[in-house]
Amino acid sequence: MGKTYNIAVIAGDGTGPEVVAEGKKVLLAAADKFGFTINFEEFDYGGDRYLRTGEVLPDSAAEEMKQFDSIFLGAIGHPDVKPGILEKGILLRLRFELDQYINLRPVKLYPGVPTPLKDKGPEHIDYVVVRENTGGLYTGIGGFSMKGTSDEVAVQSMVYNRKQVERCLKYAFEYTRKRNKRKTLALCGKTNVLTYVYDLWERAFHEIGEQKYKDIKREYFHVDATCMWMVKNPEWFDVIVTGNMFGDIITDLGAITQGGMGIAAGGNINPEGVSMFEPIGGSAPKYTGKNIINPLASIACGGMMLDHLGEEKAALAIENAIVDVTANKLKDMGAGRMGYSTTEVGDLVAERI
Ligand code: IPM
Ligand code: MN
């Protein structure tokens, strides 16, 4: 008999619930086909709950999430809530408290999907960004002095310790080995200016690579140059590893080259704990309830989640079904331009599993 997976669902705000519904539809189709069981339990964390109760996230949330095999998240962000409150209070808090120290973001152009990169196709755009997910500028270390005066000072520190850097690099090397494509890991940094933080990253990168991963080719790019090559020669990349802030920025660039927010999926991974899968895009409030938002990112997140849980065949089936739909059905990736509704796209993928 197949396994049973208990999944916590945080559908969230805006179009989050609509895309999550399609993600779940496809996950259940995969479970049915490959003989395992998925139980979903819904959590109402998000903007509406905050506006209703004044509480962003219960203090018990992370502990409660640890009882699950994974978390499946839609989108967080509400037009009536000041930017930062929900993002920091839900998304970043869960990433930190669950120690999801990797943000895994594949940049993969599926056939049929338009890319803004001239003369580039699916054979050129297929790499993965391993973004460190709990450190750097995101730790919130810093503050103001003399706030509100003309002498005001604001500090926000990029903080990394060796252990954080090492565990992220190890994950990236292992991932590159397992991916088994070009066996090339590129460190994206800024060693010419951030001469402390990225010096630490660069030394650790070469030391670990030399000691344990001689089969993996190592490359280094500054972050600004990384952006340039992601546009001009994306085929150079296999796996890119980088710190939190650079990873945030370059994965939006990556997402747009793979067809935009409708398709880009990601996973907040704790290799030893509970991981959380979420589309890179936001809650797109203006499309809420219209049944026109593209659910493929959420569906792809479901595939990543199954892969992480060890259901590799089912994950591959989801990926192949997505490819068949993008190559043969959808006109466009944007909300309202796909030629199908949100629920129809979910049906199209589910029936191909
Ligand atoms: C992302 C988002 C978040 C981040 C925000 C919403 C806090 O941009 O997941 O990339 O910066 O990590
Ligand atoms: Mn981002």
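Conventions adopted
Residues numbered from 1 in each chain as written. Chains lettered and ligands numbered in written order. Predicted model: local features only at pLDDT ≥ 70, side-chain atom pairs only at ≥ 80, totals over all residues. Heavy atoms only, no water. Helix = DSSP H or I, 4+ residues; strand = E, 2+ residues; numbered from the N terminus. Rg over C-alpha atoms; globule rule 2.2 N^0.38 Å. Buried < 20%, exposed > 50% of the residue type's maximum accessible area, 1.4 Å probe, protein only. Contact = heavy atoms within 4.5 Å. Areas by Shrake-Rupley, 256 points an atom, 1.4 Å probe, with all protein chains shown as cover. Axes fitted to C-alpha atoms, helices over the stretch in contact; angles between N-to-C directions. Parallel < 35°, antiparallel > 145°, perpendicular 65-115°, else oblique. Left-handed = near helix turned anticlockwise from the far one by under 90°. Nonpolar A, V, L, I, M, F, W, Y, C, P; charged D, E, K, R; others polar. Phe/Tyr/Trp six-rings, centres within 6.5 Å; stacked < 30°, edge-to-face > 60°. Polar contact = N/O pair within 3.5 Å; in protein donor to acceptor, adjacent residues only side chain to side chain. 1 Å grid on protein atoms, 1.4 Å probe; cavity = no way out; pocket = protein on both sides within 12 Å on 5 of 7 lines; lining within 4 Å. Points joined across faces, edges and corners; volume = space filled by probe spheres on them. Salt bridge = Lys/Arg side-chain N within 4 Å of Asp/Glu carboxyl O. Near = heavy atom within 4 Å.

Asker: Please explain the overall build of the protein chain as it appears in this structure.
Answerer: Of the regular secondary structure elements, the protein chain holds eleven helices and twelve strands. In summary, the protein chain has a C-alpha radius of gyration of 20 Å against a globular reference of 20 Å for 353 residues, a match within 12%. Expressed as lengths along the three principal axes of its C-alpha atoms, the size of the protein chain is roughly 55 × 50 × 45 Å. Counting over 353 residues, the protein chain shows a buried share of 53%. Considering only intrachain contacts with a sequence separation of at least 6, the fraction spanning at least 24 residues in the protein chain is 76%. On the protein chain, roughly 15,300 Å² of surface is accessible, and the fraction owed to carbon and sulfur atoms is 52%.

Asker: How should I be thinking about the packing of helix α10 (residues 312–328) against helix α11 (residues 342–352) in this particular structure?
Answerer: Helix-helix packing: each pair is described by the crossing angle between the helix axes and the interaxial distance. Where α10 contacts α11, the axes come no closer than 8 Å and their chain directions differ by 125°. The pairing of α10 with α11 is recorded here as oblique in orientation. Classified by chirality, the crossing of α11 by α10 is right-handed. From α10, A321, I322, D324 and V325 reach across to α11, where they touch L348, V349 and R352. Looking at side-chain class alone, the contact of α10 with α11 contains five nonpolar, no polar and two charged residues.

Asker: Is there a simple way to think about the packing of aromatic side chains in this case?
Answerer: The geometry of two aromatic rings is summed up by the distance between their centres and the angle between their planes. Counted by the stated rule, this structure contains twelve aromatic pairs. Aromatic pair Y5 and F36: ring centres 5.6 Å apart, planes at 80°, arrangement edge-to-face. Here F36 lies in the loop between α1 (16–34) and β2 (37–43) and Y5 lies in strand β1 (residues 4–12), a separation of 31 residues in the sequence. For Y5, a relative accessible area of 5% gives the class buried. Pairing Y198 with F246 gives two aromatic rings, centres 5.1 Å apart and planes at 10°, and the pair type is stacked. Taken together, the residues Y198 in helix α6 (residues 197–212) and F246 in helix α8 (residues 244–257) connect sequence positions 48 residues apart.

Asker: Hey, could you run me through the side chain of N133 in this one?
Answerer: Its location among the elements puts N133 in the loop between β5 (126–132) and β6 (142–145). Within the local environment of N133, its side chain forms a polar contact with the backbone oxygen of Q100, the two atoms lying 3.1 Å apart. Reaching out from N133, the side chain makes a polar contact with the side chain of N103 at a distance of 3.3 Å. In this structure N133 touches R95, F96, Q100, Y101, I102, N103, N244 and N268, once residues within four positions along its chain are discounted.

Asker: Help me understand the layout of surface pockets in this model?
Answerer: Over the atoms, a rolled probe matching the size of one water molecule traces out where space is still vacant. Considering only enclosed or pocket space, the largest pocket measures out at about 990 Å³ in volume. L104, P106, Y175, M304 and D307 are, among the 32 residues lining the largest pocket, the residues nearest its centre. Elements represented by at least two residues in the lining of the largest pocket include exactly β4 (102–108), β5, α5 (162–179), β11 (265–269), α9 (296–309) and α10. Here the lining of the largest pocket takes six residues from α10, the largest share from any one element. Within the lining of the largest pocket, the residues separate by chemical class into 19 nonpolar, four polar and nine charged.

Asker: Would you take a moment to explain the pattern of salt bridges for this structure?
Answerer: Should their charged atoms come close, side chains of opposite charge can pair. Here the structure, examined in full by the defined rule, presents 30 salt bridges. In this structure, D119 and K118 form a salt bridge, with 3.5 Å as the shortest nitrogen-oxygen distance. Here D224 and K190 are joined by a salt bridge, their closest N and O atoms 3.0 Å apart. With D224 in helix α7 (residues 223–232) and K190 in the loop between β8 (184–189) and α6, this pair connects stretches of sequence that are 34 residues apart. For D224, a relative accessible area of 44% corresponds to the partly exposed category. Overlapping salt bridges, with partners in common, bring together D44, R49, R52 and E55 in one network.

Asker: What am I meant to see in the site of ligand 1 here?
Answerer: In the vicinity of ligand 1, the contacting residues are E87, R95, R105, R131, Y138 and D248. Interatomic distance of 2.7 Å between a side-chain N/O atom of R95 and an oxygen atom of ligand 1. Between an oxygen atom of ligand 1 and a side-chain N or O atom of R131, the distance comes to 2.8 Å. Contact with the protein chains hides 76% of the accessible area of ligand 1, taken as 320 Å² for the molecule alone. Per-class residue counts for the shell around ligand 1 are one nonpolar, no polar and five charged.

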